[in-house]
Structures are given as structure tokens and as C-alpha cells.
Amino acid sequence: MTMDATLSGHLQELRRGTVVVASLTVLRTPGYGYSLLETLSAAGFEVEANTLYPLLRRLESQGLLTSEWNTDEARPRKFYRTTERGDAIAAALRGEWARLDSAIGDLDTPAGTESGSEL
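Keep in mind the model is a prediction, meaning the values are calculated, not measured.

**Side note on the overall build of the protein**
A count of helical and extended segments in the protein gives 4 helices and 3 strands. Across the protein, helices and strands are ordered from the amino to the carboxyl terminus as α-β-α-α-β-β-α. On C-alpha atoms alone, the protein measures out to a radius of gyration of 18 Å, which is more than a quarter above the 14 Å that the 2.2 N^0.38 rule sets for 119 residues. Overall size of the protein, expressed as C-alpha extent along the three principal axes, is 65 × 35 × 25 Å. Contacts spanning at least 24 positions in sequence make up 44% of the contacts within the protein whose residues lie at least 6 apart. As displayed, the protein offers around 8500 Å² of accessible surface, 54% of which is attributable to carbon and sulfur atoms. Averaging the positions of the 12 positive and the 17 negative side-chain charges in the protein gives two centres separated by 9 Å.

**So, a nonpolar patch on the surface**
On the surface, L7, L11, L14 and W97 cluster together into a nonpolar patch covering about 400 Å² of accessible area. For the nonpolar patch, the element with the highest residue contribution is helix α1 (residues 3-26), accounting for 3 residues. Here L7 lies in helix α1.

**Description of the nonpolar core**
Most often, soluble globular proteins keep nonpolar side chains buried together rather than apart. Among the nonpolar cores identified, the biggest contains 17 residues, and L24, L40, L52, L56, L59 and L65 are the most heavily contacted of them. Looking at this core, the elements that each hand over two or more residues are α1, α2 (33-42) and α3 (49-61). Ignoring sequence-local partners within four residues, the contact set of L59 consists of V20, L24, L64 and L65.

**Observations concerning the UniProt feature "domain: Transcription regulator PadR N-terminal" (unreviewed entry) in the protein**
The sites that carry the UniProt feature "domain: Transcription regulator PadR N-terminal" (unreviewed entry) are, in the present numbering, residues 26-88. A helix fraction of 46% and a strand fraction of 22% characterise residues 26-88, whose end C-alpha atoms lie 14 Å from each other.

**What about the packing of α1 against α2?**
At their nearest, the axes of α1 and α2 sit 11 Å apart, and the two run at 115° to each other. The handedness of the crossing between α1 and α2 is right-handed. For the pair formed by α1 and α2, the contact residues are V19, A22, S23 and V26 on the first element and L36, T39 and L40 on the second. Here the contact of α1 with α2 is built from residues that sort into 5 nonpolar, 2 polar and no charged.

**Here we look at the pattern of salt bridges**
One pass over the full model with this rule turns up 3 salt bridges. E73 is the salt-bridge partner of R77, the closest N and O atoms lying 3.7 Å from each other.

Rules of the game
- Residues numbered from 1 in each chain as written.
- Predicted model: local features only at pLDDT ≥ 70, side-chain atom pairs only at ≥ 80, totals over all residues.
- Heavy atoms only, no water.
- Helix = DSSP H or I, 4+ residues; strand = E, 2+ residues; numbered from the N terminus.
- Rg over C-alpha atoms; globule rule 2.2 N^0.38 Å.
- Contact = heavy atoms within 4.5 Å.
- Areas by Shrake-Rupley, 256 points an atom, 1.4 Å probe, with all protein chains shown as cover.
- Lys, Arg positive; Asp, Glu negative; His and termini not counted.
- Charge placed at Lys NZ, Arg CZ, Asp CG, Glu CD.
- Patch = residues over 30% accessible without salt bridge, like charges linked within 9 Å, V, L, I, M, F, W, Y side chains within 5 Å.
- Salt bridge = Lys/Arg side-chain N within 4 Å of Asp/Glu carboxyl O.
- Core = buried A, V, L, I, M, F, W, Y, C linked by side-chain atoms within 4.5 Å.
- Buried < 20%, exposed > 50% of the residue type's maximum accessible area, 1.4 Å probe, protein only.
- UniProt positions renumbered as here; feature names shortened; annotations may be inferred.
- Axes fitted to C-alpha atoms, helices over the stretch in contact; angles between N-to-C directions.
- Left-handed = near helix turned anticlockwise from the far one by under 90°.
- Nonpolar A, V, L, I, M, F, W, Y, C, P; charged D, E, K, R; others polar.

Set out below in C-alpha cells:
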């Protein structure tokens with residue numbers, strides 16, 4: 001397996017979890033799938049519709065999102081919003097993300113030094 005293929009696989013695994021956190025964070029304000037795709041893309045999260053829509057259905061079945069159809073416009077749209085449980089899970093995931101980011105940063109600091117400066 002080439003270096004590019006190996007990296008690509010690991011990046012895909014990393015992105016899979018971040019899209020969950022990002023979606024739950026964005027959907028604290030009600031939004032529909034296509035607008036979520038645009039928002040995530042603008043923020044640097046590359047996700048395809050055929051990945052996002054099943055994710056939204058899964059999060060809804062887990063009780064993390066709620067949805068309702070808006071039929072006021074010419075084309076009906078399904079709007080999603082996080083539930084209280086979804087907000088709590090998102091906050092916990094963001095907290096864990098910050099903890100892991102800090103732990104990775106600590107691993108990057110050479111042994112016997114503080115904040116990257118040698119003794």
C-alpha cells in the first residue's frame with residue numbers, strides 16, 4: 001500500500017468522527033441537509049451528500065437530532081435540530097476533542113522540556 005493510500009485511509013477515519021461533532025454543533029440552529037453540507041464545506045469539512053444524509057438519519061434514530069418537514073416553500077425541506085441530548089453529547093465530544101488535542105500536543109513536546117524549550 002502506498003503512503004498516499006495509507007494516509008488517505010487514516011484521514012477518512014479521522015474525518016468520520018469530526019463530521020459527527022461538526023454536524024451536532026452546527027445543528028444547534030435548525031438547518032436542512034443541503035445547507036449543512038454547504039456550511040461544513042465552507043468550514044473545511046469535506047463530506048458528500050451520500051455520507052451526510054445517512055449520518056443525519058442515524059443521529060436522529062439515536063435521539064440526538066429531531067426533524068420536521070417545512071412545506072411552506074415550493075419544495076419541501078426536512079429541517080434538523082439537535083435535541084437536548086444531542087447538545088449534551090456534542091459538548092462532551094468537543095470537550096474530549098480538546099483533551100485529546102492537548103494530549104497530542106503534550107506528546108509532541110520532547111521529554112525533559114517544558115513548552116518545547118530545552119532546559
